[in-house]
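Here's the letter readout for the chains.
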Amino acid sequence: QQQVRQSSQSLTVWEGETAILNCSYENSAFDYFPWYQQFPGEGPALLIAIRSVSDKKEDGRFTIFFNKREKNLSLHIKDSQPGDSATYFCAARRNYNVLYFGSGTKLTVEP
Amino acid sequence: AQTIHQWPVAEIKAVGSPLSLGCTIKGKSSPNLYWYWQATGGTLQQLFYSITVGQVESVVQLNLSASRPKDDQFILSTEKLLLSHSGFYLCACPPPSAETLYFGSGTRLTVL
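Quick caveat: nothing in here was measured; it's all calculated off a predicted structure. (Residues numbered from 1 in each chain as written. Chains lettered and ligands numbered in written order. Predicted model: local features only at pLDDT ≥ 70, side-chain atom pairs only at ≥ 80, totals over all residues. Heavy atoms only, no water.)

Asks: Looking at this structure, how should I read the overall build of chain A?
Replies: On a plain count of helices and strands, chain A comes out with zero helices and eleven strands. Here chain A has a C-alpha radius of gyration of 13 Å; the compact-globule value for 111 residues is 13 Å, and the two agree. Principal-axis analysis of the C-alpha atoms gives chain A an extent of 40 × 30 × 20 Å. Per-residue burial over chain A gives 44% buried out of 111 residues. Excluding contacts between residues fewer than 6 apart, the proportion of contacts in chain A whose partners are at least 24 apart in sequence is 53%. Carbon and sulfur atoms form 44% of the exposed surface of chain A, whose accessible area is close to 5500 Å². Looking at chain A, you have 12 positive and 12 negative side-chain charges, and the mean spots of the two groups are 10 Å apart. (Helix = DSSP H or I, 4+ residues; strand = E, 2+ residues; numbered from the N terminus. Rg over C-alpha atoms; globule rule 2.2 N^0.38 Å. Buried < 20%, exposed > 50% of the residue type's maximum accessible area, 1.4 Å probe, protein only. Contact = heavy atoms within 4.5 Å. Areas by Shrake-Rupley, 256 points an atom, 1.4 Å probe, with all protein chains shown as cover. Lys, Arg positive; Asp, Glu negative; His and termini not counted. Charge placed at Lys NZ, Arg CZ, Asp CG, Glu CD.)

Asks: What's the story with the packing of aromatic side chains in this structure? I'm lost.
Replies: To describe a pair of aromatic rings, you give the distance between the ring centres and the angle between the ring planes. Within the structure shown, the criterion is met by 13 aromatic pairs over all chains. Note on phenylalanine 33 of chain A and phenylalanine 66 of chain A: the rings are 4.9 Å apart at their centroids and 40° apart in plane angle, and the pair reads as tilted. Linking phenylalanine 33 of chain A in strand β4 (residues 32-38) with phenylalanine 66 of chain A in strand β7 (residues 62-67), this pair joins segments that are 33 residues apart in sequence. When sorted by exposure, phenylalanine 33 of chain A lands in the same class as phenylalanine 66 of chain A, which is buried. Between phenylalanine 101 of chain A and phenylalanine 103 of chain B, the ring centres sit 6.0 Å apart and the planes meet at 70°, which makes this aromatic pair edge-to-face. Residue phenylalanine 101 of chain A is found in strand β10 (residues 98-101), and its partner phenylalanine 103 of chain B is found in strand β10 (residues 102-103); the two belong to separate chains. There is no split in this pair, since phenylalanine 101 of chain A and phenylalanine 103 of chain B are both buried. Three or more aromatic residues joined by ring pairs form one cluster here, namely Tyr25, Phe30, Phe33, Phe66 and Tyr100 of chain A. The lysine or arginine in question, arginine 108 of chain B, covers the ring of phenylalanine 88 of chain B, its NZ or CZ lying 4.5 Å from the ring centre. (Phe/Tyr/Trp six-rings, centres within 6.5 Å; stacked < 30°, edge-to-face > 60°. Lys NZ or Arg CZ within 6 Å of the ring centre and 35° of its normal.)

Asks: Explain the state of the cysteines here, please?
Replies: Should the sulfur atoms of two cysteines be covalently bonded, the bond is a disulfide. All names here are of chain A. With the rule as written, the count across this model stands at two disulfides over all chains. Between the sulfur atoms of cysteine 23 and its disulfide partner cysteine 90 the distance amounts to 2.0 Å. Handedness of the cysteine 23-cysteine 90 disulfide follows from its S-S torsion of about -70°: it is left-handed. In this pair, cysteine 23 is assigned in strand β3 (residues 19-25) and cysteine 90 in strand β9 (residues 86-95), connecting sequence segments 67 residues apart. (Disulfide = S-S within 2.5 Å.)

Asks: What am I meant to see in the interface of chain A and chain B here?
Replies: How big an interface is tends to be expressed through the accessible area that disappears when the partners come together. Listed by partner, the interface residues are 19 residues for chain A and 22 residues for chain B. Both sides together, the interface formed by chain A and chain B hides about 1700 Å², and carbon and sulfur atoms give 52% of it. The three residues of chain A that bury the most area against chain B are Tyr96, Asn97 and Phe101 of chain A, which together make up 32% of that side's buried surface. Inspection of the region where chain A meets chain B yields zero salt bridges. Of all the elements in the fold, those that place two or more residues in the side of chain A that touches chain B are β4, β5 (45-51), β9 and β10 of chain A. Its residues assigned to classes, the side of chain A that touches chain B comprises ten nonpolar, six polar and three charged. (Buried area = accessible area lost by both parts, 1.4 Å probe. Salt bridge = Lys/Arg side-chain N within 4 Å of Asp/Glu carboxyl O. Nonpolar A, V, L, I, M, F, W, Y, C, P; charged D, E, K, R; others polar.)

So, in structure tokens, the structure goes:
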């Protein structure tokens, strides 16, 4: 059973638009949700993260909206740039040493 | 600054042959260390974690084993590779003051 789900395998937006990537999870005990960005051939890099006690986390053009009751969250990328084209992974942590990843959403930003 | 060095960068191996992948952490003492596996185009699956030298916990069984011979070193190995072992192997470590993980640049393994 997949613990973390990302509903879209791929998403295409135009440059300057807001990209919205969705994620949902099963386990109510998850308390920390990082998003990772991965370019081909590289390891994933932490983009932004939120704790379950918050409903919003913003960092520059990136914002996480978190709904604990519905067990879902979304990553909004404002003013998308072609350089944002990458695969984005939602992840969730239940204890400090185990991190579950979603299947990833491949974002393409068209100029 | 903390750095994660993985070796080799890429390997092409035959089914049934042995494998050893390495990970070294610099800039942080007694780090928690993690191995992840990523199938081509797939998600990341945690394999092992280690809190201290000589101690390794398995998260998922994939006919692989891991060892922590030194404080700054984490080794992933198997005596007999399967086709299903192909993929991208990533070592990870938490940064000093954050709750999540930083990943190394990975080892690309192709099993033929």
